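Close look at the chain arrangement
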Amino acid sequence: RAASDMGCASSATNPNDVASPRATDAETPSTSSASASAVPVNYLVRLRGGPLTQNEYNSRLSGVDGTHTVSVPYTDDSGTNRAYQMRYATCSQRGYYPEAADKLNQDAYAALERFRGREDEFVFAVFDGHGECGTECAVFARDRVPMEMACREFGDVEGYCAAFEATNAALRKSDIDDALSGTTGIVAHIRGRELYVINVGDSRATMGMTQTSESGVESVETFDLSSDQTPFRKDECERVKQYGARVLTLDQLEGFKDPNVQCWGTEQDDDGDPPRLWASNGMYPGTAFTRSIGDAVAERIGVVATPEIEHVRLSKDTKCLVIASDGVFEFIPSASVVKTALASEDPQQSAISLVVESYKLWLQYETRTDDITVIVLLFEDFFDEEVIEPQTPLQS
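My aim in this report is to walk through the structure given alongside it, one point at a time. These numbers come from a predicted model, not from an experiment.

Reading guide: rules and limits
- Residues numbered from 1 in each chain as written.
- Predicted model: local features only at pLDDT ≥ 70, side-chain atom pairs only at ≥ 80, totals over all residues.
- Heavy atoms only, no water.
- Helix = DSSP H or I, 4+ residues; strand = E, 2+ residues; numbered from the N terminus.
- Buried < 20%, exposed > 50% of the residue type's maximum accessible area, 1.4 Å probe, protein only.
- Contact = heavy atoms within 4.5 Å.
- Phe/Tyr/Trp six-rings, centres within 6.5 Å; stacked < 30°, edge-to-face > 60°.
- Lys NZ or Arg CZ within 6 Å of the ring centre and 35° of its normal.
- Core = buried A, V, L, I, M, F, W, Y, C linked by side-chain atoms within 4.5 Å.
- Axes fitted to C-alpha atoms, helices over the stretch in contact; angles between N-to-C directions.
- Parallel < 35°, antiparallel > 145°, perpendicular 65-115°, else oblique.
- Left-handed = near helix turned anticlockwise from the far one by under 90°.
- Nonpolar A, V, L, I, M, F, W, Y, C, P; charged D, E, K, R; others polar.
- Salt bridge = Lys/Arg side-chain N within 4 Å of Asp/Glu carboxyl O.
- Polar contact = N/O pair within 3.5 Å; in protein donor to acceptor, adjacent residues only side chain to side chain.
- Pairing = 2+ DSSP bridges.
- Expected span 1.5 Å × (residues − 1).

1. Structural notes on the overall build of the protein
Helices and strands together make up the secondary structure of the protein, namely 12 helices and 17 strands. Split into buried and exposed, the 396 residues of the protein put 55% on the buried side. At a minimum sequence separation of 6, the contacts of the protein that also span at least 24 residues come to 71%.

Written out as structure tokens, the structure reads:
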């Protein structure tokens, strides 16, 4: 049924038209069973203290199937055919909720090689569901967005927007109740050495690049390739207000603070009571983001599925790319994420380390943890040529 809701996706209903069999066979955190999520013994998970035993924690992990290594062909500026090496790995942890021990992982992800049958094209994505039907929304978007992208041109900004908006429309027509449920989404689309990052919501993509100072000192700098779409951003806050949204913290909504005086600072200063979106005449929907797929009620007050898009060219200075749900970035800044990603030559170990560290930090500040999903990509063996700076990086 999903394929018939939008004409474009119906032309890509065969998974082999979208990605390689290996990619489509990969388990996702929202559907894998605990028995299938055991961490291979060659990967180290250190867990001391906390409410879960080592085995209980390991049973919450999925996507740990080792590092994948691929050679990515591209044509350089002189017209010469070359290739670089990309190594990547995934890891996801089902959240810990004391009052709901069996709550499903609402994150879903995709790691698609040979996208559209091309040796040089890849799609990596993380979808972070929320609400009662969050798992279903995230899985729907994980499957649908690549299908919509498959019948549009690579690098077409309008096409990426149309793919996300078509996914939103198809979800609305499906049997999934998205009135108060939905998903954020972050997608990295690679062809050769060109990278597009497409984002709705507050998951994030961040990149580590080697930079050389005027004194000749080389270091790895962090560049965010997405900007969290939340009411902390003044532009997003003003945009949703134009649709009638009230932007208030819970303390303001419940009368503990003056609703007419902005009481929040930056996202880095968040005290656990972030600004949220509320209908003009009700205490709903309470979303802490301003863009998503789904969320039909929130759509009435300005929450949209239109993504923001960044474009960079990969080069010898590009060291890593990390795509993750906000379960990681809630407590770990982007620069630390990049540092951890590069701390090991094995991206699988790096992905596990990021998930475990995020889990520990959640329990330092909360009695629960969010779902946590990470994709780590390392880039190597680029030909040494003149570097073209990223076109639109957002420095962390």
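On we go.
2. Focus on the packing of aromatic side chains
Applying the stated rule across the entire model yields 11 aromatic pairs. Ring geometry for Tyr-84 and Phe-382: centres 4.2 Å apart, planes at 15°, overall stacked. Here the residue Tyr-84 occupies a position in strand E3 (residues 81-93), and Phe-382 occupies one in the loop between strand E16 (372-380) and strand E17 (394-395), the gap between them amounting to 298 residues. Across this residue pair, the class does not change: Tyr-84 and Phe-382 are buried. Sitting over the ring of Tyr-97, Lys-103 keeps its end group 4.1 Å from the ring centre.

3. Quick look at the nonpolar core
Judged by nonpolar contacts, the single largest core of 30 residues is most densely connected at Tyr-57, Val-374 and Val-376. Contributing elements (two or more residues each) for this core: strand E15 (318-324), helix H10 (326-329), helix H11 (334-341), helix H12 (347-365) and E16. Looking at which element gives the most residues to this core, the answer is H12, with 8 residues. Setting aside chain neighbours within four positions, we find Val-374 in contact with Ala-89, Thr-90, Cys-91, Val-322, Ile-323, Ala-324, Val-328, Ala-351, Leu-354 and Val-355.

4. As for the packing of helix H5 (residues 134-150) against helix H6 (residues 157-173)
Any two packed helices are characterised by the angle at which their axes cross and by the distance between the axes. Contact geometry for H5 and H6: axes closest at 9 Å, N-to-C directions at 135°. With respect to each other, H5 and H6 are oriented oblique. Crossing of H5 against H6: the hand is right-handed. Along the contact surface, H5 presents Cys-137, Phe-140, Ala-141, Arg-144, Val-145, Glu-148 and Met-149, while H6 presents Tyr-160, Ala-163, Phe-164, Ala-166, Thr-167, Ala-170 and Leu-171. A per-class count over the contact of H5 with H6 returns 11 nonpolar, 1 polar and 2 charged.

5. Some thoughts on the pattern of salt bridges
Evaluation of the coordinates by the stated rule reveals 23 salt bridges. For Arg-144, the salt bridge identified is with Glu-148, shortest N-O distance 3.0 Å. Of the two residues, Arg-144 and Glu-148 are both situated in helix H5; the distance of 4 residues between them amounts to about one turn of the helix. Exposure class is identical for Arg-144 and Glu-148. Each is buried. A salt bridge links Glu-238 to Lys-241, with the shortest nitrogen-to-oxygen separation between them at 4.0 Å. Of this pair, Glu-238 and Lys-241 both sit in helix H7 (residues 234-241), separated by 3 residues, roughly a single helical turn.

6. A short note on the side chain of His-68
Tracing the chain through its elements places His-68 in strand E2 (residues 68-75). In this structure the side chain of His-68 is engaged in a polar contact, spanning 3.5 Å, whose partner is the side chain of Asp-65.

7. Notes on the environment of Arg-276
Summarising the element assignment, Arg-276 is placed in strand E11 (residues 276-278). In this structure the C-alpha to C-alpha distance between Arg-276 and Arg-246, which are 30 residues apart in sequence, comes to 8.0 Å. In terms of polar contacts, Arg-276 uses its side chain to reach the backbone carbonyl oxygen of Gly-286, at 3.0 Å.

8. Quick word on the pairing of strand E7 (residues 194-200)
The element E7 is extensively covered by neighbouring structure, given that 7 of its 7 residues are classed as buried. Neither face of E7 is left uncovered, since the one carrying Glu-194, Tyr-196, Ile-198 and Val-200 and the one carrying Leu-195, Val-197 and Asn-199 both have all their residues buried. One ladder, built from 7 bridges, connects strand E6 (residues 182-191) with E7; its direction is antiparallel. What sits directly across from Ile-186, in E7, is Asn-199.

9. Describing H5
In an α-helix, one full turn covers 3.6 residues, which means residues spaced three or four apart are oriented alike. Over its 17 residues, H5 runs 24 Å from end to end, which matches the ideal 24 Å to within 8%, given 1.5 Å per residue. By the criterion of burial, H5 is predominantly enclosed, with 15 of the 17 residues buried.

10. A few points about the pairing of strand E9 (residues 218-224)
Judged from the 7 bridges that link them, strand E8 (residues 204-212) and E9 form a sheet pairing that is antiparallel. Looking at the pairing, Gly-208 lines up with Thr-222 of E9. The turn joining E8 and E9, which pair antiparallel and follow one another in sequence, is formed by 5 residues; a positive phi near 90° is taken by Gly-216.

11. Focus: the sheet that holds strand E12 (residues 285-287)
Pairing within the open sheet is antiparallel, and its 3 strands lie in the order E10-E11-E12. Every interior strand has two partners, whereas the edge strands, strand E10 (246-248) and E12, have only one. For this sheet the average axis-to-axis angle between neighbouring strands, irrespective of direction, equals 30°. Alignment of E10 against E11, held across 3 bridges, turns out to be antiparallel. Residue Arg-246 lies in a different strand from E11, and its bridge partner there is Trp-278.

12. A short note on unusual backbone geometry
Geometrically, the link from Tyr-284 to Pro-285 is a cis peptide bond, its omega value of -5° lying close to zero. The residue Pro-285 is located in strand E12 in this model. For Arg-116, which is not glycine, the phi dihedral falls at a positive 60°. Mapped onto the fold, Arg-116 is located in the loop between strand E4 (107-112) and strand E5 (121-130). Unusually for a residue other than glycine, Asp-381 sits at a positive phi of about 65°. Along the polypeptide, Asp-381 turns up in the loop between E16 and E17.

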